[in-house]
Amino acid sequence: MSSNLDTPEASLIAESYLWHGTATHGYGGKGVPDDYLFPMLPAGRLYYLESAEIVDTVPVAVPWKQGSFVYDKVINQAIPEAWTPNLDGLVNAGVSAGRTGTIYGGGGPTSSPPAGSPVERWTAWTQPIPVTPSIQAQYGGSLAVGSSAEITLRLRRGPDAAEVRFTDSVKKSTGFELTSNPVPDGEEWLVCSAFIKADKAYTGEISRSSDGLVLASHAAALGATQSTGGYSHSQPSHALGGSYITWPQYVRLKATDSVKVVASADVDATYGFLVMAAEIAA
């Protein structure tokens, strides 16, 4: 691993990690290793994830698909119903069964990789993704013994920032509505992610109070699973059976604005929600 995060504002930083495969079966089967959680960013700062890259080296063919991907999550251990949820998909370079060689995956805030890039699979984001210390990248997959992945995350240091975490667990037989504290004077919130989940089929929505902008939405027909909002066009909520909203521009809240959560179900349900933001000078 290489690291050089203590740099002046606006500096570009490349963080590189090498993962050696240890799997002996396909993803989800016996012999698949735990995912690797990348180190936390320094406290008190905002960073922007500018791009992500995976280079898989596969010398020996195996009869299963080798997963190789990175997503981000929020370490949120205080609320069981919103426990470290998976949020934005960052990059994917899965290896099809029987394949060998070098496989490239990339992700970034464009609709496609740069011209001439060897990237085979591109994960598009709408913006460089804002990240605070509680938002950590996680590598996952099922690279076989003998295979390896080099993961590179490129970040730009932003301004000093305080983390804002609006989260709770609510058990209700009917619906509920909660509103965060307002943004303090002289500050603004740059929203990083939004998440909602329940243990029964439910309807839920997270929005910006000032204008009703919807940050995340869940329909009862989707059942008891998570739905999210963020800057990636590939959020894990989809694979988990929920829905997601990809925000086309940075979501900002000005002074006195707030975040609102509304949810309901036809039966007793326990809900969890989480909104992460960075509080920066307006």
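Here's what I pulled together on the structure shown here.

Reading guide: rules and limits
Residues numbered from 1 in each chain as written. Predicted model: local features only at pLDDT ≥ 70, side-chain atom pairs only at ≥ 80, totals over all residues. Heavy atoms only, no water. Helix = DSSP H or I, 4+ residues; strand = E, 2+ residues; numbered from the N terminus. Buried < 20%, exposed > 50% of the residue type's maximum accessible area, 1.4 Å probe, protein only. Areas by Shrake-Rupley, 256 points an atom, 1.4 Å probe, with all protein chains shown as cover. Pairing = 2+ DSSP bridges. Salt bridge = Lys/Arg side-chain N within 4 Å of Asp/Glu carboxyl O. Lys, Arg positive; Asp, Glu negative; His and termini not counted. Polar contact = N/O pair within 3.5 Å; in protein donor to acceptor, adjacent residues only side chain to side chain. Contact = heavy atoms within 4.5 Å. Phe/Tyr/Trp six-rings, centres within 6.5 Å; stacked < 30°, edge-to-face > 60°. Axes fitted to C-alpha atoms, helices over the stretch in contact; angles between N-to-C directions. Core = buried A, V, L, I, M, F, W, Y, C linked by side-chain atoms within 4.5 Å.

Helices and strands together make up the secondary structure of the protein, namely zero helices and 20 strands. Reported as C-alpha extents along the three principal axes, the dimensions of the protein are approximately 55 × 50 × 30 Å. Among the 282 residues that make up the protein, the fraction classed as buried is 52%. Of the accessible surface of the protein, which amounts to about 12100 Å², a share of 52% is contributed by carbon and sulfur atoms.

Spatially, E2-E9-E4-E5 is the arrangement adopted by the four strands of the open sheet, whose pairing is antiparallel. Looking at strand neighbours, the two that pair on one side only are strand E2 (36-37) and strand E5 (86-92), the edges of this open sheet.

A few words on the pattern of salt bridges. One pass over the structure, following the stated rule, counts seven salt bridges. When the shortest N-O distance is used, the salt bridge between Arg99 and Glu120 registers 2.6 Å. One end of the pair, Arg99, is in the loop between E5 and strand E6 (101-108); the other, Glu120, is in the loop between E6 and strand E7 (121-124), with 21 residues separating them in the sequence. A relative accessible area of 47% places Glu120 in the partly exposed class. One salt bridge in this structure joins Arg252 and Glu188, with 2.7 Å as the shortest N-O distance. Placement of Arg252 in strand E18 (residues 252-253) and of Glu188 in strand E13 (residues 187-198) is noted, with a sequence separation of 64 residues between them.

A word on the side chain of Asp88. Positionally, Asp88 belongs in strand E5. With no salt bridge to any partner, buried Asp88 finds its closest opposite charge in Lys73, at an N-O distance of 14 Å. Separated by 3.4 Å, the side chain of Asp88 and the backbone nitrogen of Tyr231 make a polar contact. Sequence-distant contacts of Asp88, defined by excluding residues within four places in its chain, comprise Tyr71, Asp72, Ile129, Cys192, Gly230, Tyr231, Ser232, Ser234, Gln235 and Pro236.

Attention now goes to the packing of aromatic side chains. Under the definition given, this model contains 12 aromatic pairs. Residues Tyr202 and Tyr271 carry aromatic rings whose centres are separated by 6.1 Å and whose planes lie at 80° to one another, so their mutual orientation is edge-to-face. Taken together, the residues Tyr202 in the loop between E13 and strand E14 (203-208) and Tyr271 in strand E20 (residues 269-281) connect sequence positions 69 residues apart. Site record: aromatic cluster; members linked through ring pairs are Tyr17, Trp19, Tyr36, Phe38 and Tyr139.

Attention shifts here to the sheet that holds strand E15 (residues 214-218). Within a beta sheet, neighbouring strands are joined by backbone hydrogen bonds and run either parallel or antiparallel to one another. With antiparallel pairing, four strands are arranged side by side in an open sheet as E12-E19-E14-E15. Every interior strand has two partners, whereas the edge strands, strand E12 (176-179) and E15, have only one. The sheet shows a mean angle of 5° between the axes of neighbouring strands, direction not considered.

Here the focus is the environment of Asp56. Along the chain, Asp56 falls in strand E3 (residues 45-58). Residues Asp56 and Ile151 lie 95 residues apart in sequence; the distance between their C-alpha atoms is 8.7 Å. Excluding its chain neighbours within four sequence positions, the residues that come into contact with Asp56 are Ser68, Ala93, Val95, Gly101, Thr102, Ile103, Tyr139, Leu143, Ser148 and Ala149. One polar contact links Asp56 to Ser68, side chain to side chain, over a distance of 2.9 Å.

One recurring pattern in soluble globular proteins: nonpolar side chains tend to sit buried together. Counting residues in hydrophobic clusters, the biggest one holds 68 residues, and the most contacted among them are Val70, Leu90, Tyr139, Ile151, Leu153 and Ile206. In terms of residue count, the dominant contributor to this core is E20 (nine residues). Leave out the neighbours within four places in its chain, and Ile206 touches Ala194, Phe195, Ile196, Leu213, Val214, Leu215, Ala216, Val259, Lys260, Val261 and Val275.

Not every positive phi belongs to a glycine, and Thr84 is a case in point at roughly 40°. Relative to the helices and strands, Thr84 resides in the loop between strand E4 (68-74) and E5. Its relative accessible area of 15% is what places Thr84 among the buried residues. Residue Thr256 is not a glycine yet carries a positive backbone phi of 75°.

Relative to the helices and strands, Ser264 resides in strand E19 (residues 259-264). A sequence separation of 71 residues divides Ser264 from Ser193, and the C-alpha atoms of the two residues are 21 Å apart. Those residues in contact with Ser264 that sit more than four places away from it in its chain are Gly175, Tyr202, Thr203 and Tyr271.

The next thing to look at is the pairing of E6. Two elements, E3 and E6, share seven bridges in a ladder whose sense is antiparallel. Along E6, the bridge assignment pairs Val55 with Tyr104.

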